Every structure is written in C-alpha cells, then in structure tokens.
Amino acid sequence: MGTSPEPSKPRQGGSLKRILIKLSGEALMGQEDYGIDPLMIKRIAGEIREVHDLGLQVAVVIGGGNIFRGAGLARAGMDRVTGDHMGMLATVLNSLALQDALESLGTYVRVMSAIRINEVCEEYIRRRAVRHLEKGRVVVFAAGTGNPFFTTDTAASLRAIEVEADLLLKATKVNGIFSDDPVKNPAATRYQKLTFEKVLNDRLNVMDATAIVMCRDNDLPLRVFDLTVPGELLRIVRGEDVGTLVTND
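Residues numbered from 1 in each chain as written. Predicted model: local features only at pLDDT ≥ 70, side-chain atom pairs only at ≥ 80, totals over all residues. Heavy atoms only, no water.

**Some points on the sheet that holds strand E4 (residues 122-123)**
Consideration 1: Taking strand neighbours across the sheet as the criterion, the 9 strands line up as E4-E3-E5-E2-E1-E6-E10-E11-E9 in an open arrangement whose pairing is mixed. What marks the edges here is a single partner per strand, and that holds for E4 and strand E9 (193-195).
Consideration 2: Inspection of the sheet shows strand E10 (residues 222-226) paired to strand E11 (residues 244-247) by 3 bridges, in the antiparallel sense. Within the sheet, the bridge partner assigned to Val224 lies in E11 and is Thr244. (Pairing = 2+ DSSP bridges. Helix = DSSP H or I, 4+ residues; strand = E, 2+ residues; numbered from the N terminus.)

**Describing unusual backbone geometry**
Consideration 1: Its identity as a non-glycine residue notwithstanding, Arg203 has a phi of 50°, on the positive side.
Consideration 2: Inspection of the secondary structure puts Arg203 in the loop between helix H6 (196-201) and helix H7 (209-217).
Consideration 3: Residue Arg203 is classed as exposed on the basis of its relative accessible area, which comes to 70%.
Consideration 4: We note that Asn205 has phi near 55°; this positive angle belongs to a residue other than glycine.
Consideration 5: Secondary-structure assignment places Asn205 in the loop between H6 and H7.
Consideration 6: Asn205 gets classed as exposed once you look at its relative accessible area, which sits at 68%. (Buried < 20%, exposed > 50% of the residue type's maximum accessible area, 1.4 Å probe, protein only.)

**Some remarks on the side chain of Asp37**
Consideration 1: Inspection of the secondary structure puts Asp37 in the loop between strand E1 (18-23) and helix H1 (38-53).
Consideration 2: Within the buried core, Asp37 has no salt-bridge partner, and the shortest N-O distance to an opposite charge, that of Arg43, equals 8.9 Å.
Consideration 3: With near-sequence residues (within four places) excluded, Asp37 lies in contact with Leu28, Met29, Gly30, Gln31 and Glu32. (Lys, Arg positive; Asp, Glu negative; His and termini not counted. Salt bridge = Lys/Arg side-chain N within 4 Å of Asp/Glu carboxyl O. Contact = heavy atoms within 4.5 Å.)

**Re the pairing of strand E5 (residues 138-142)**
Consideration 1: Taken across its 5 residues, E5 has 5 buried, putting it largely inside the fold.
Consideration 2: Of the two faces of E5, both are covered, the one formed by Val138, Val140 and Ala142 as well as the one formed by Val139 and Phe141.
Consideration 3: As paired strands, strand E3 (residues 109-113) and E5 are joined by 5 bridges and run parallel to one another. Counted as the bridge partner of Val109 is Val138 from E5.

This is how it looks when you write it as structure tokens:
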C-alpha cells in the first residue's frame, strides 16, 4: 500500500507530536456539487504533507457526506442501519482518494478501515495504527467507528483518544466557533477559547455531543478552524492562534 519510499522516524514538531485531523466529506467537494473536486483534494493533501514534513505524526478521519449521509438517507425512508453502512463505504472512497493524492506527493500513507474490506485497505487495529504513525506514515481512518448511529465526528474523537493524539483538529467552513451562525448573523462573535462544558450547555453544535463528551472526559484539546483558508493547518501546528480552541480549562 503506497508507492513512496519508507520515511525515517519523524522528529517532534514543537509542542505537538501527534495530531488527528477531522475532515468532512463536503470539504472534498470544493467547487463541485457532488463527489470530489480534484483541485481541492490536491490542496488538502499538500497542506497535510507540509505538516507531516515538520515531523508531526498525522492521522486523518474523513466523513462521507459528499457521497452518502446515513441520517439523510434514513429521513428519506431508507433503513437507518443500511444508510449508515452506505455512509461508511463512502468514507472509504474518500479515504482512498486522499491516500492517492498524498502518495502522488511522495508521502507514505496507510488507510485503515473499521469494517473489513481487506482487498483495498487494512483493517483497523489500534496497535498497528500507532506503529504506522511512529514509522512516519500518515494514517487515514475510514468507515467511522464501524457501527451505525455513530457519526464520523465521534469516530474522530475515538481514534484520537485511542492513538493518544495531542490535539484533535476539526476542519470546517468558518474560522472557529461563533456565538451564532455567522452566515445568517453577521453580528455573531468568534470565540477564541471555550470549555467543553460551554459548548455542550450552549448547544454550539461544533461536533455531536458524544464526540464533545469524549474529548472532555479524556482531556483531549480540540481546535476548530477554517479549511477553506489556505495555510491555516500549518499555522496551527506552528503555534499561531487560529480558529477556536476548546479545552477543559
């Protein structure tokens, strides 16, 4: 799996050693109405590579909303479990696309799926995932948690905790967390820093409640940032104050 040379063990980049990036499937659409925009996935892969080249260990979780969304299919009358399984397969498609984009840049990648699909990617095994990260491979976690009724936000929190990431990065289309929807309310203010309790109590809808509770209970910092702005990911790992930071303090 992968065509680029095996990398050396990465150096620790600043105060961060290992991060997990949560990408929505919709982020891959770019200027398209459906599916994957080749220019967008190339840019995202380039930014991930820049971060990886600093010496950080990088894991990624991708959603599947650009292809299928289980909850939406269920609202249209499909069995929810079937719809969620279709959504899981959509995340595998997106993960393979990101793998290809990263490998074209010379980055070594492993896709690990929560459901067995061994002909195209590895089965998720926690210890193996950690070993891949330690060896300097970008690890892309596909198929969510492998269970229906759980979002890829929850999968991102779960995987970040399992591999002991130092920071969970949630990529969105706005620059952090706001007091209100900034698209509908131009007067909405951006929070520089929040606690998980305030996110839950104020129903700020950054991620689903299960994901937020998991971050809170395991003291996993979360930073929400705008993926549509080039270079934001690199600025974050260099220590710049980008987006909104959510912690227990």
